[in-house]
Amino acid sequence: MRKLYLLFLPLLLLACEGKEKQPYAAPIPKDNPVERPAIGNESFHFDSEEQIYHLRANNSEELRFLWSEIEGDFILDVKIPAVKDAGTYGLMLVTNLEEKTPIAALQIANNELAFMTAAQVNMGNAMTGQIEYLRLERSDNQLIASFARPNGDFFPIASQQLNNEVVLYGGLFAYATNEDLNFINLRLYYPTPESKEEAEKNVVSSVEIFDLPTRQRKIIFQKNARIESPNWHPTDSFLLVNSEGVLYQIPLSAKAGWQAFPMAMKTNFLNNFTAYHGFSRDGKQLFFSHQDSTATSIYKWSLNDTIPPEIIVSKTPSFWQAVSPDGTEILYTAKRKKRRSLNVYKSAVDSFSETRITKTLGINRGVSFHPDNERIYFGAPRAHQPKIWVMNKNSLRKNAITTDEYEDFFPQVSPDGKYLLFLSRYLELGEKKDLAPQKFVIRLLDLTKEDAQARIIAHLIAGEGSMLMPSWSPDSQQFAFISYSFAPQKLVVEAKNKQQLEM
């Protein structure tokens with residue numbers, strides 16, 4: 001532990017003395033994914049295309065700090081470089097930029113992780129081994145330091161009292177680095193307010209793309225509004241989403257912002273689209289649930305002609321979930337008669353012929369067809385805990401896919417049938433059971449390997465709309481999802497128009 005102390009002590013002294021060979025601290029500009037991706041200073045360069053922070057090596061005794069002002073409760077995450085003996089770097093918090101005194105740092109030094117404060121050199125044991133993510137979180141006057149290993153969840157190593165009324169400056173820091181470093185997936189989240197009114201007013205939705213080969217995520221669009229259910233069009237380069245009853249398309253480049261889905265603008269009677277929508281495999285048809293004043297029904301829409309949308313399931317309430325690979329059947333969840341349970345049903349696309357295929361008490365939702373056109377994956381409770389199940393579409397026999405301590409939701413099979421993607425959360429005793437935005441992880445299961453374990457590939461603030469509907473790319477190499485944050489009221493910027501929001 002002495003070597004960590006010796007590294008952190010000069011860092012503190014240097015900050016207090018105010019030596020400035022280069023700027024000690026630079027603000028993260030507003031176009032940045034510590035609410036959005038940012039431009040760096042001379043030390044930190046931000047690659048806006050890859051959304052990676054590059055830090056140039058510097059062996060001198062110089063503290064470099066890229067910060068964002070933080071208020072109230074927050075979660076600050078970053079994926080750190082996979083390098084050895086590169087110097088000292090990590091996440092840091094200060095309360096006064098003029099005094100330049102760190103109050104806490106979650107740092108890597110000499111391949112060890114420790115939580116350091118000005119008052120105590122080490123709050124918790126130093127951790128060794130491969131570490132992928134660092135997190136600093138303020139919650140109810142507690143500052144919590146955590147780390148995550150590859151494919152794992154966050155594990156807390158220390159905490160201390162920190163009044164949530166104190167304004168902080170937090171972000172990346174580095175000291176005496178001897179290698180160029182790349183920081184990925186820097187995110188600053190503000191948790192859900194208790195008030196639903198404040199939550200709806202202050203929600204910031206980030207539409208993101210995750211790339212499987214690189215395990216990197218990118219924000220392609222962000223807006224101060226609740227956006228839900230990204231669908232990746234099978235042939236065109238855009239995502240379909242819904243927000244406040246309207247369907248929008250977002251180009252994958254997102255250089256032109258978003259626009260109302262052109263087909264949806266041609267109808268006068270459809271004005272309250274729900275989060276349940278998706279395309280046929282060839283991209284020529286759109287299936288969706290629409291809610292009017294009395295009912296939620298399922299429609300089919302041929303996108304290449306002028307025929308108006310056609311109701312294919314008029315019994316209500318019915319929530320579209322998936323279309324079979326051959327395009328002949330749809331799966332949906334529904335409540336029928338006086339049952340309180342939500343179960344899975346199927347019907348032919350061209351002629352209504354409803355068949356109930358699950359008979360489980362509770363909520364059955366999040367349904368996905370396997371490309372073999374036989375297997376169906378869905379979410380359903382097991383001992384009152386949501387799990388992922390698989391069944392043959394012509395059989396009531398089902399098998400549990402997940403059995404661990406997590407609650408699992410909204411499975412999606414990749415178009416090539418190799419992977420199963422789903423949203424998971426680990427609830428502490430007394431935490432909220434609803435699906436309001438909160439801490440979740442995205443897990444991936446390799447369906448080609450027997451006894452494969454689900455791997456955690458992303459950490460985020462998510463809700464029901466994050467991955468509710470099919471969001472895989474056609475080549476099965478990427479998927480889309482939505483993360484949420486709830487900016488303090490003074491940080492919320494209203495949209496100047498419907499096309500684009502300036503953060």
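The structure presented is a predicted model; accordingly, all values stated were derived computationally and were not measured. (Residues numbered from 1 in each chain as written. Predicted model: local features only at pLDDT ≥ 70, side-chain atom pairs only at ≥ 80, totals over all residues. Heavy atoms only, no water.)

S.K.: Mind showing me how you'd approach the overall build of the protein chain here?
M.R.: Regarding its fold elements, the protein chain presents two helices and 36 strands. Out of the 503 residues belonging to the protein chain, those deemed buried represent 54%. For the protein chain, contacts bridging at least 24 residues in sequence account for 53% of all contacts bridging at least 6. As displayed, the protein chain offers around 22000 Å² of accessible surface, 48% of which is attributable to carbon and sulfur atoms. (Helix = DSSP H or I, 4+ residues; strand = E, 2+ residues; numbered from the N terminus. Buried < 20%, exposed > 50% of the residue type's maximum accessible area, 1.4 Å probe, protein only. Contact = heavy atoms within 4.5 Å. Areas by Shrake-Rupley, 256 points an atom, 1.4 Å probe, with all protein chains shown as cover.)

S.K.: Honestly, the confidence of the model for the protein chain in this entry has me stumped. Any pointers?
M.R.: Close inspection of predicted coordinates is inappropriate in any region flagged by low pLDDT. Taken as a whole, the protein chain shows an average pLDDT of 83; of its residues, 84% reach a score of 70 or greater. Low pLDDT, under 50, characterises residues 1–41; the stretch is placed with 116 contacts to residues that sit more than four places away or in other chains. With pLDDT under 50 throughout, residues 492–503 is counted as low confidence; its partners more than four residues away or in other chains account for 32 contacts. (pLDDT = per-residue confidence, 0-100.)

S.K.: When you look at the environment of Thr 88 in this model, what are you seeing that I'm missing?
M.R.: Take Thr 88: it is sitting in strand S6 (residues 88–94). Considered as a pair, Thr 88 and Gln 107 are 19 residues apart in the sequence and their alpha carbons are 6.6 Å apart.

S.K.: Can you help me understand the nonpolar core in this one?
M.R.: What tends to happen in soluble globular proteins is that the nonpolar side chains get buried as a cluster. Counting 55 residues, the largest nonpolar core has Val 207, Ile 330, Leu 421, Ile 442, Ile 457 and Phe 479 as the members making the most contacts within it. Top contributing element to this core by residue count: strand S36 (residues 478–486), with six residues. Among all residues touching Ile 442, those that are not within four sequence positions of it are Leu 421, Phe 422, Leu 423, Arg 455, Ile 456, Ile 457, Ala 458, Leu 460, Met 467, Phe 479 and Phe 481. (Core = buried A, V, L, I, M, F, W, Y, C linked by side-chain atoms within 4.5 Å.)

S.K.: Would you take a moment to explain the packing of aromatic side chains for this structure?
M.R.: Centre distance and the angle of the planes are the two values used to describe a pair of aromatic rings. Applying the stated criterion across every chain yields a total of 22 aromatic pairs. A centroid spacing of 5.2 Å and a plane angle of 0° characterise the contact between Phe 288 and Tyr 299, whose relative ring orientation is stacked. Residue Phe 288 is found in strand S21 (residues 285–291), and its partner Tyr 299 is found in strand S22 (residues 296–302); the two are separated by 11 residues along the sequence. Residue classification places Tyr 299 among the buried residues on the basis of a relative accessible area of 9%. Between Phe 409 and Phe 410 the ring centres are 5.8 Å apart and the planes differ by 40°, which places this aromatic pair in the tilted class. In this pair, the class of Phe 409 matches that of Phe 410, namely buried. Members of the aromatic cluster, each reached through a chain of ring pairs, are Phe 210, Tyr 419, Trp 472, Phe 479 and Phe 481. A cation over a ring is seen here: Lys 398 above Trp 389, with NZ or CZ 5.4 Å from the ring centre. (Phe/Tyr/Trp six-rings, centres within 6.5 Å; stacked < 30°, edge-to-face > 60°. Lys NZ or Arg CZ within 6 Å of the ring centre and 35° of its normal.)

S.K.: Sorry if this is basic, but what is going on with the sheet that holds strand S19 (residues 259–260) here?
M.R.: Strands pair in a sheet through their backbones, by hydrogen bonds, and they do so in one of two ways: parallel or antiparallel. Here we have four strands laid out as an open sheet, ordered S16-S17-S18-S19, and antiparallel in their pairing. Only two strands of the sheet have a single partner each, and these edge strands are strand S16 (228–232) and S19. Pairing of S16 with strand S17 (residues 238–243), which is carried by three bridges, proceeds in the antiparallel orientation. Pairing of Trp 232 across the sheet is with Leu 239, part of S17. (Pairing = 2+ DSSP bridges.)

S.K.: Hey, could you run me through the sheet that holds strand S20 (residues 273–279) in this one?
M.R.: The sheet built from four strands is open, its strands ordered S20-S21-S22-S23 with antiparallel pairing. Every interior strand has two partners, whereas the edge strands, S20 and strand S23 (310–313), have only one. Geometrically, the sheet is characterised by an average inter-axis angle of 30° between neighbouring strands, direction not taken into account. Where S21 and S22 come together, seven bridges link them in antiparallel fashion. The partner of Ser 289 across the bridge, within S22, is Ile 298. (Axes fitted to C-alpha atoms, helices over the stretch in contact; angles between N-to-C directions.)

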